[in-house]
Amino acid sequence: MTDSKYFTTTKKGEIFELKAELNSDKKEKKKEAVKKVIASMTVGKDVSALFPDVVNCMQTDNLELKKLVYLYLMNYAKSQPDMAIMAVNTFVKDCEDPNPLIRALAVRTMGCIRVDKITEYLCEPLRKCLKDEDPYVRKTAAVCVAKLHDINAQLVEDQGFLDTLKDLISDSNPMVVANAVAALSEIAESHPSSNLLDLNPQSINKLLTALNECTEWGQIFILDCLANYTPKDDREAQSICERVTPRLSHANSAVVLSAVKVLMKFMEMLSKDLDYYGTLLKKLAPPLVTLLSAEPELQYVALRNINLIVQKRPEILKHEMKVFFVKYNDPIYVKLEKLDIMIRLASQANIAQVLAELKEYATEVDVDFVRKAVRAIGRCAIKVEQSAERCVSTLLDLIQTKVNYVVQEAIVVIKDIFRKYPNKYESVIATLCENLDSLDEPEARAAMIWIVGEYAERIDNADELLESFLEGFHDESTQVQLQLLTAIVKLFLKKPTETQELVQQVLSLATQDSDNPDLRDRGYIYWRLLSTDPVAAKEVVLAEKPLISEETDLIEPTLLDELICYIGTLASVYHKPPSAFVEGGRGVVHKSLPPRTASSESTESPETAPAGAPSSEQPDVIPTQGDLLGDLLNLDLGPPVSGPPLATSSVQMGAVDLLGGGLDSLIGGPNFVAPPAAAVPANLGASMGSGLSDLFDLTSGVGTLSGSYVAPKAVWLPAMKAKGLEISGTFTRQVGSISMDLQLTNKALQVMTDFAIQFNRNSFGLAPAAPLQVHAPLSPNQTVEISLPLNTVGSVMKMEPLNNLQVAVKNNIDVFYFSTLYPLHILFVEDGKMDRQMFLATWKDIPNENEAQFQIRDCPLNAEAVSSRLQSSNIFTVAKRNVEGQDMLYQSLKLTNGIWVLAELRIQPSNPSFTLSLKCRAPEVSQHVYQAYETILKN
């Protein structure tokens, strides 16, 4: 009979019977009793009362019985910590048992008993097992260290287990290496600042050697670890890629994806001219295709990852279009994902077969899939210009089917095609108008209204068509109401005499009878425009529209680079960074692809920034939701304030009343009054004024001229993203004043005027202290340099990363958004020197877990030079001493928001690498302070 019999008994008084059986002299009876106890525990009965009796059964040579007792112990040790101490002696004895299976079992169970009282008793047995002669025991002990670190991190560090774990990376057994890497990675994730996995070419070589021989999950741990390493040059990157490539043919899909992640990351460093680069691209395609023959759930994960890979490097799969064709028995989630990738891979070479396939899909029975297929036809038309005509005729064929949802989707995509190719396919409007009555979905109705308004002059009965929509105006969705308002105003501007009543009617419906603020505000703006200046209204409403871009749903480049580093994890399935769905900060480290090496830069476009410019760190920002645009409601668009905000501004308007002139300050409307020049703070004399008197007038202000390091200007907003306006800039701090030094270049064909600037809320409250003053209009091909004074009294909101600054710049053409990273040293204040006693007391007072250690490499300065260079950027040396030939500098600095950071800098005269220890009550600033140290010392 099988062990299932243990789950069938539910007698009363069972506990007493089990107690008697557990204390029986007969081994078989004991074993039966323990099995019954485990069965009861498994189905949820409370058998904790038997704890002492079960623990007594630990003293046995029978491996099966020992396993069962250990299972019970893991489950109940937490609720019976005092009793669990009784088991400690047995653990210690079992860790010295001649049988390696028992030694490993003991050490595994020790790691699972999460009781603080017991942990210190387990250190000695664990230390022995880490150095055990049997690799099975060593690999189990390695994982136990990670578990113990989770319970009591300080204990693990004090006992030196981390060093032992690092030694295990050089172990002769590949499984031990893999488990040591897994344990160190796990610990490093919970302590991102600690440099536990200090990877170097030697340790990487050991990992690559172990990679060939360990189990599949061991291989995944090692590959994930390799993905966190940044090779020193393209040759090392190529060498690692060559040794990782064989993993692509592994049977386990997780190993394949981990290998793809490593290769995708290191390919960044390879020059596209290399023969090896082309070979690698060819090798990456087959394993990805093979993943698509797995079961649907695995296919879906593979497709989500392939979606990212295709956006980053479409050339990998450009010849593999057929594998993404939909099979009749694919589940809907796989079909939709395949469809998305098909569009991304569509090109002139394969568009014919893609269109034939999509037309077939549009006659399927699954409504969601058909809708997506129709949209896909439209996206192909926009992406591949040569195919646009075929796509439009395909869409017209589909409209003739008169299937309601097909017609509606077709109209939505035809609207986009009109925007991409104006004055080309308008002959189809008549066919679209025939289907007007069948439209019942808001998006399709809005698209049709847009078409009627945009081409009103070509449609004889445009006013009747729009009037038919107006009858049920209040029952329509907001999207349709807004579109109808704009369309009727367009119609009025094109045919003013015939449609005066219609425009009056819609304006009154939108402004007087509606309680939607968006609709009301748009209605009022149109009303104002039409009543004050019809010519201006015509220029605004009938302005030439920018062509829509090829692919609007691409992932933003910086996010895509981060997601490539997370291939094969949940982040790559959600298409979101871990910080978006992992609760709490633990284990979330922002990753990015390695920078291109010098040899591979030559293949990039000539627009890449010069090597000296810190452009590699510039996020390529299209503001994401919850970012700049999501936060625009909180942007106070009035002129910048110098000094604290006025009391009246505490009630911030969510949606600014457009008629009250709230936006006028940025749009330059009639109510706009330029703030007085006196808004510039007085202590800006040194940076704004000219003449030697300013230089020598050291009595006023702070006292010394602080020559803080200034980074070279970098391009923050390229002309192609800002309709011809190019903005470069850098940040400076001089004599206690921060400024943003901007260079504005007009690369458009029209004059630019009416400049204004606004910052989004940010981590340190940076805000303009004066308006952006461009005194003369900026002519085409003209460049102007401006120094914009900043203060730190703006609204505060923690940004990711901490030093991210989102900026809106407006001129007579449009409002443009960009984002940049400011160096933290511009926020180091001049009174940041702490006295010695205070330094000592504060250092002791800040908890040890707030300490972060960093290495500053390749810095050939001596202690004196370091101290004076840092002092010029307001990092002050409090004390200096020499310990065993090492110079120790103790330093302090203070940020504008009052946060103190204490530092210990260790300098060995013959060694160009310094060790920097930072302590701060807000540990999240440490990484950025370290970057400031690096920047100042190396420039």
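Under the annotation held in an unreviewed UniProt entry, the chain carries the name AP complex subunit beta and is attributed to Zalophus californianus. Taken from UniProt, the Subcellular location (unreviewed entry) comment for the chain reads in full: "Endomembrane system". Checking UniProt for the chain, the heading Sequence similarities (unreviewed entry) contains the comment "Belongs to the adaptor complexes large subunit family."

Novice: It is not clear to me how the overall build of the chain should be interpreted in this structure. Could you clarify?
Specialist: On a plain count of helices and strands, the chain comes out with 39 helices and 13 strands. Looking at the 939 residues of the chain, the share that counts as buried comes to 50%. Relative to all contacts within the chain whose residues are 6 or more apart in sequence, the contacts with residues 24 or more apart total 67%. Carbon and sulfur atoms provide 52% of the accessible area of the chain, an area that totals close to 44400 Å².

Novice: It is not clear to me how the sheet that holds strand β12 (residues 900–907) should be interpreted in this structure. Could you clarify?
Specialist: Across a sheet, paired strands are connected by hydrogen bonds in the backbone, their directions being either parallel or antiparallel. Spatial ordering of the open sheet is given by β9-β13-β12-β11-β10, a layout of five strands whose pairing is antiparallel. The open sheet terminates on both sides in strands that have one partner only, identified here as β9 (851–856) and β10 (876–883). Strand-to-strand twist across the sheet, computed as the mean angle between neighbouring axes with direction ignored, equals 20°. With six bridges joining them, β9 and strand β13 (residues 914–920) adopt antiparallel strand pairing. Of the residues in β13, the one forming a bridge with Glu-851 is Lys-919. Across the sheet, helix α38 (residues 863–871) is in contact with β10, β11 (886–894), β12 and β13; its angle to β11 comes to roughly 5°. Running over the sheet, helix α39 (residues 926–938) touches β9, β11, β12 and β13 and is turned about 25° from β9.

Novice: Hey, could you run me through the nonpolar core in this one?
Specialist: The tendency in soluble globular proteins is for nonpolar side chains to be buried as a group. Counting 215 residues, the largest nonpolar core has Tyr-72, Leu-126, Val-244 and Phe-418 as the members making the most contacts within it. Counting contributing residues per domain, this core is built from domain 1 (346–439) and domain 2 (441–532), each supplying no fewer than three. Core analysis: the next-biggest nonpolar cluster, separate from the first, contains 63 residues, Ala-722, Met-752, Leu-772 and Leu-918 among them.

Novice: What is the right way to look at a negative patch on the surface in this model?
Specialist: A cluster of like negative charges, contributed by Glu-464, Glu-467, Glu-471 and Glu-501, occupies part of the molecular surface. Looking at the element boundaries, Glu-471 is found in the loop between α26 (462–470) and α27 (478–494). Take Glu-471: its relative accessible area is 69%, and that puts it in the exposed class.

Novice: I'm lost on the packing of helix α8 (residues 116–130) against helix α11 (residues 161–168) in this one. Help?
Specialist: Describing two packed helices takes the angle between their axes plus the distance from one axis to the other. Put simply, α8 and α11 touch, their axes get as near as 11 Å, and they point 15° apart. Comparing the axis directions of α8 and α11 gives the class roughly parallel. Judged by the sense of rotation from one axis to the other, the crossing of α8 with α11 is left-handed. Of the residues in α11, those touching α8 at Cys-123, Leu-126, Arg-127 and Leu-130 are Phe-161, Thr-164 and Leu-168. Taken together, the residues of the contact of α8 with α11 sort by class into five nonpolar, one polar and one charged.

Thresholds, definitions, all that
- Numbering of residues starts from 1 in every chain and runs along the sequence as written.
- Confidence filtering applies because this is a predicted model: local features only for residues at pLDDT of at least 70, side-chain atom pairs given and counted only at 80 or more, and all residues used for totals across whole chains, interfaces and linings.
- Water and hydrogen atoms play no part in the side-chain values, which are based on all heavy atoms of the structure.
- UniProt positions are given in the numbering used here, feature names are shortened, and annotations may be inferred rather than shown by experiment.
- Runs of E in the DSSP output that reach at least two residues are strands. Runs of H or I that reach at least four are helices, and both are numbered from the N terminus.
- Remark: exposure states derive from per-residue accessible area (1.4 Å probe, protein chains only) relative to the maximum for the residue type, with buried under 20%, exposed over 50%, and partly exposed in between.
- In what follows, residue pairs with any heavy atoms lying within 4.5 Å of each other are defined as contacts.
- Using a 1.4 Å probe, accessible areas were evaluated by the Shrake-Rupley method; residue-level cover was limited to the displayed protein chains.
- For two strands to be treated as a pair, DSSP must find at least two bridges joining them.
- Each axis is a line fitted through C-alpha atoms, and for a helix only the stretch in contact is used; angles between axes span 0 to 180 degrees, taken between their N-to-C directions.
- We define a nonpolar core as any set of buried Ala, Val, Leu, Ile, Met, Phe, Trp, Tyr and Cys residues linked to one another through side-chain atoms lying within 4.5 Å.
- Domain extents, as shown, originate in an automatic or database domain assignment.
- Like-charged residues within 9 Å of one another, or nonpolar side chains (Val, Leu, Ile, Met, Phe, Trp, Tyr) within 5 Å, are grouped into patches, provided each residue has over 30% relative accessible area and no salt bridge.
- Salt bridges are identified by distance alone: a Lys or Arg side-chain nitrogen within 4 Å of an Asp or Glu carboxyl oxygen.
- Counted charges follow a simple rule, with Lys and Arg positive, Asp and Glu negative, and His plus the chain ends left uncounted.
- Here the site of a charge means NZ on Lys, CZ on Arg, CG on Asp, or CD on Glu.
- Roughly parallel means an angle under 35 degrees; roughly antiparallel means over 145; roughly perpendicular covers 65 to 115; every other angle is labelled oblique.
- By definition, turning the near helix anticlockwise from the far helix through less than a right angle yields a left-handed crossing, and turning it clockwise yields a right-handed one.
- By the convention adopted, Pro, Cys, Tyr, Trp, Phe, Met, Ile, Leu, Val and Ala count as nonpolar, Lys, Arg, Asp and Glu as charged, and the other residues, Gly among them, as polar.

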